[in-house]
Amino acid sequence: MRRRGSDFRRPVRRRFSNVFWLTLCGLVVLLFIVVLSRESQPTSRSALSKRSYRQERIIEGLNITEEMLSPDSFTRQINDQISLAKAFIVMAKESNNLQFAWELSAQIRNSQILLSNAALRRTPLTTTESETVIRDMALLLYQGQQLHYDSATMIMRLKAKIQGLEEQMNSVSEKSSKYGQIAAEEVPKSLYCLGVQLTTEWFKNSELQRKHKEKKQIAMRMKDNNLYHFCVFSDNILATSVVVNSTALNSKNPDMVVFHLVTDEVNYAAMKAWFHVNSFRGVTVDVQKIEDFSWLNASYVPVLKQLQDSNTQNYYFSGNSDDGRTPIKFRNPKYLSMLNHLRFYIPEVFPALKKLVFLDDDVVVQKDLSVQKDLSGLFSIDLNGNVNGAVETCMETFHRYHKYLNYSHPLIRAHFDPDACGWAFGMNVFDLVEWRKRNVTGIYHYWQEKNVDRTLWKLGTLPPGLLTFYGLTESLNPSWHVLGLGYTNVDPQLIEKGAVLHFNGNSKPWLKIGIEKYKPLWDKYVDYTHPILQQCNFH
């Protein structure tokens, strides 16, 4: 009986042991799960989604595939090789190593074909298909390095190339400027022919000379200050004719317009003949020659005195004084022409006149008489005690005083504001009474004598004009004088509203280098059916 009891109690003790260990194991597993969940808790679901979204946007913006993000990406390796190979091609061509450049180009094509095929099938490149291409390109790049096609060499060669191109560009620009200046200074055959034909006509036609003598009877009109007086100083017959004709055709009262023309001995007879055989709606035209002004001599005129100096002659006529450093436009002898400097002697040329409008020979006068006044309105402008009425040119692309004068010179710095507005010659209203009172010609003489060594300014008559009329210039409405038709693009609205259009610059409308779109503005005042113009092949 005791033995059976003992057998009965032994199984109960084993059951309790198994349950205990099972429970303990369950608790351990549960604790492990809790610990793991707490470690992963700081990275929230929203943070994970944001990080994933940002990475996707970066990859999308750079057009990067998952395969390219791999450290062992064959696609990235091949792209880097292609970029370097393209740089080596440039250097190979610079070194005239065309065979090596061809080999690089061929290998680049092979690499690009491989990349294109992988992109089409939308699977990453495998080691097998990319190994050969990468190895072949690596061999070529190594060969390029042996030829010193490295980054430092490339930079030095590119710098040298850039410097060479800049020198070449400067040379071409200088030649273009030089040839353009020569083209602008040359007299076209047709203009030369016109002068010869008119001179011949004048001397062989006694009737023409008789009419000229009869017209001398209207000399009183040349001194009548109740009329509108204009002056042009030029040796260009056709250009002067356009100025007179355009003024006459756009004048309400052409019979009140008087033109005073001054030319040189060579063109004097031709100029007289042209303005006697042609009518300009009753406009009075008088022609004089500069050689008749006996007071224009070297003892009175600084420019004529300077012309006698050997250094000045060498500067303007030989161009060898400074090894050609000075641009050709600064050496144009026309800037020493007395026809160009005569504008500073207007009160002495026309001693009886009180007010006068000066016009350059490269202008066209235009006005729509239905809505606008003609140039007679200039004579009623109040200059407020100033001598010169002119349009200022410091707006937009035009310049102020420091662009024309040498402000490193103490004399210029001491007397003139560098930011003062410049103004334009070409259409100027002059109060000759005030001119004489203030001795403006004497001011011009002072500055011209100070510039004997060309240290105050170098070019033309505008710089001395800016000095001479400093503080004596009244600003006019810009619509009176529109500039730039001989060298740049001009706003069509300004042209439409402009009273005087100025073809300043080298591209004169009577030259082949004239700006084509502006030529019609000048051509419409030329009668190309005139027998003499047809004979001289004007068209």
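See above for the structure.
The shown structure was predicted, so the numbers you read here are calculated from the model rather than taken from an experiment.

A few points about the overall build of the protein
Piece 1. Across its full length, the protein carries 21 helices and nine strands.
Piece 2. The buried share of the protein, taken over its 539 residues, is 42%.
Piece 3. A separation of at least 24 residues holds for 74% of the contacts in the protein among residues at least 6 apart in sequence.
Piece 4. For the protein, the accessible area works out to roughly 31,300 Å², and carbon and sulfur atoms hold 54% of it.

Notes on the side chain of lysine 519
Piece 1. Here lysine 519 shows up in helix 20 (residues 519–523).
Piece 2. A distance of 3.1 Å separates a polar atom in the side chain of lysine 519 from the backbone oxygen of leucine 511.

Quick word on the packing of aromatic side chains
Piece 1. Inspection of the entire model under this criterion finds 25 aromatic pairs.
Piece 2. Summarising the aromatic geometry, the rings of tyrosine 300 and tyrosine 345 are spaced 6.0 Å apart at their centres and angled 55 degrees between planes, so their arrangement reads as tilted. Pair noted here: tyrosine 300 is in the loop between strand 3 (284–289) and helix 11 (302–307) and tyrosine 345 is in the loop between helix 13 (338–341) and helix 14 (346–349), with a separation of 45 residues, a long-range link.
Piece 3. Relative to phenylalanine 469, the ring of tryptophan 435 has its centre 5.4 Å away and its plane inclined at 80 degrees; by these criteria the two rings are edge-to-face. With tryptophan 435 in helix 16 (residues 432–438) and phenylalanine 469 in the loop between helix 18 (462–468) and strand 8 (473–475), this pair connects stretches of sequence that are 34 residues apart. This pair shows no difference in class: tryptophan 435 is buried, exactly as phenylalanine 469 is.
Piece 4. For arginine 343, the ring lying beneath its charged end belongs to phenylalanine 425, and the centroid distance is 4.8 Å.

Focus on helix 10 (residues 265–277)
Piece 1. Counted residue by residue, helix 10 has 10 buried out of 13 residues, so it is predominantly covered.
Piece 2. Residues of helix 10 that are buried include every one of Asn267, Tyr268, Ala269, Ala270, Met271, Lys272, Ala273, Trp274, Phe275 and His276, and no others.

Thoughts on the sheet that holds strand 6 (residues 388–390)
Strand pairing within a sheet occurs via backbone hydrogen bonds; the two strands may be parallel or antiparallel.
Piece 1. Ordered by their spatial adjacency, seven strands build an open sheet running 3-2-1-4-7-6-8, and the pairing between neighbours is mixed. Each edge of the sheet is formed by a strand with only one pairing partner; in this case those strands are strand 3 and strand 8. In this sheet, adjacent strand axes meet at a mean angle of 25 degrees when their direction is disregarded.
Piece 2. Looking at chain direction, strand 6 and strand 7 (residues 427–431) are connected through two bridges and run antiparallel. Its bridge partner lying in strand 7, glycine 389 is registered against valine 429.
Piece 3. The sheet contacts of helix 9 (residues 237–249) involve strand 1 (228–233), strand 2 (257–263), strand 3 and strand 4 (355–359), and relative to strand 2 the element is tilted by about 175 degrees.

With respect to the packing of helix 7 (residues 189–204) against helix 10
Piece 1. Two numbers describe how helix 7 lies on helix 10: the axes approach to 8 Å, and their chain directions differ by 80 degrees. When the axes of helix 7 and helix 10 are compared, the pair comes out roughly perpendicular. Facing Leu194, Gly195, Leu198, Thr199, Trp202 and Phe203 of helix 7, the residues of helix 10 in contact are Ala269, Ala270, Lys272, Ala273 and Trp274.
Piece 2. For the contact of helix 7 with helix 10, the residue count by class is eight nonpolar, two polar and one charged.

Describing the pairing of strand 7
Piece 1. Here strand 7 lies mainly inside the structure; five of its five residues are buried.
Piece 2. Inspection of the sheet shows strand 4 paired to strand 7 by five bridges, in the antiparallel sense. Looking at the pairing, phenylalanine 358 lines up with asparagine 428 of strand 7.

Structural notes on the nonpolar core
Across soluble globular proteins, you tend to see nonpolar side chains buried next to one another.
Piece 1. Within the largest apolar cluster, 62 residues are counted, with the highest numbers of intra-cluster contacts made by Leu194, Phe259, Leu359 and Leu485.
Piece 2. Residue contacts for leucine 359: discarding those within four places in its chain leaves Phe230, Cys231, Val232, Val243, Thr247, Phe259, Val365, Gly426 and Met427.
Piece 3. Among the nonpolar cores identified, the runner-up in size contains 42 residues, and Val262, Leu342, Leu432 and Leu456 belong to it.

Notes on unusual backbone geometry
Piece 1. In this structure, arginine 122 is a non-glycine residue whose phi angle is positive, near 60 degrees.
Piece 2. Taking relative accessible area as the criterion, arginine 122 reaches 76% and is therefore assigned exposed.

Examining helix 7
Piece 1. Here helix 7 is 16 residues long and its end C-alpha atoms lie 22 Å apart, about the 22 Å a rise of 1.5 Å per residue gives.
Piece 2. If you check which residues of helix 7 are buried, you get Ser190, Leu191, Cys193, Leu194, Gly195, Leu198 and Trp202.

Let's talk about the state of the cysteines
Piece 1. Counted by the stated rule, this structure contains two disulfides.
Piece 2. Linked covalently through their sulfurs, cysteine 193 and cysteine 536 form a disulfide whose S-S length is 2.1 Å. The disulfide joining cysteine 193 to cysteine 536 has a torsion of about -75 degrees about its S-S bond and is therefore left-handed. Pair noted here: cysteine 193 is in helix 7 and cysteine 536 is in the segment after helix 21 (531–535), with a separation of 343 residues, a long-range link.

Re the pairing of strand 3
Piece 1. Among the six residues of strand 3, five are classified as buried, and the element is accordingly described as predominantly covered.
Piece 2. Direction of pairing for strand 2 relative to strand 3: parallel, over a ladder of six bridges. Each residue of the ladder has a partner; that of leucine 261, found in strand 3, is valine 287.
Piece 3. As for the winding sense of the linkage, the β-α-β connection from strand 2 through helix 10 to strand 3 is right-handed.

Here is what the cut-offs are and how they apply
Residues numbered from 1 in each chain as written. Predicted model: local features only at pLDDT ≥ 70, side-chain atom pairs only at ≥ 80, totals over all residues. Heavy atoms only, no water. Helix = DSSP H or I, 4+ residues; strand = E, 2+ residues; numbered from the N terminus. Buried < 20%, exposed > 50% of the residue type's maximum accessible area, 1.4 Å probe, protein only. Contact = heavy atoms within 4.5 Å. Areas by Shrake-Rupley, 256 points an atom, 1.4 Å probe, with all protein chains shown as cover. Polar contact = N/O pair within 3.5 Å; in protein donor to acceptor, adjacent residues only side chain to side chain. Phe/Tyr/Trp six-rings, centres within 6.5 Å; stacked < 30°, edge-to-face > 60°. Lys NZ or Arg CZ within 6 Å of the ring centre and 35° of its normal. Pairing = 2+ DSSP bridges. Axes fitted to C-alpha atoms, helices over the stretch in contact; angles between N-to-C directions. Parallel < 35°, antiparallel > 145°, perpendicular 65-115°, else oblique. Nonpolar A, V, L, I, M, F, W, Y, C, P; charged D, E, K, R; others polar. Core = buried A, V, L, I, M, F, W, Y, C linked by side-chain atoms within 4.5 Å. Expected span 1.5 Å × (residues − 1). Disulfide = S-S within 2.5 Å. Right-handed = clockwise from strand over helix to strand, strands pointing away.

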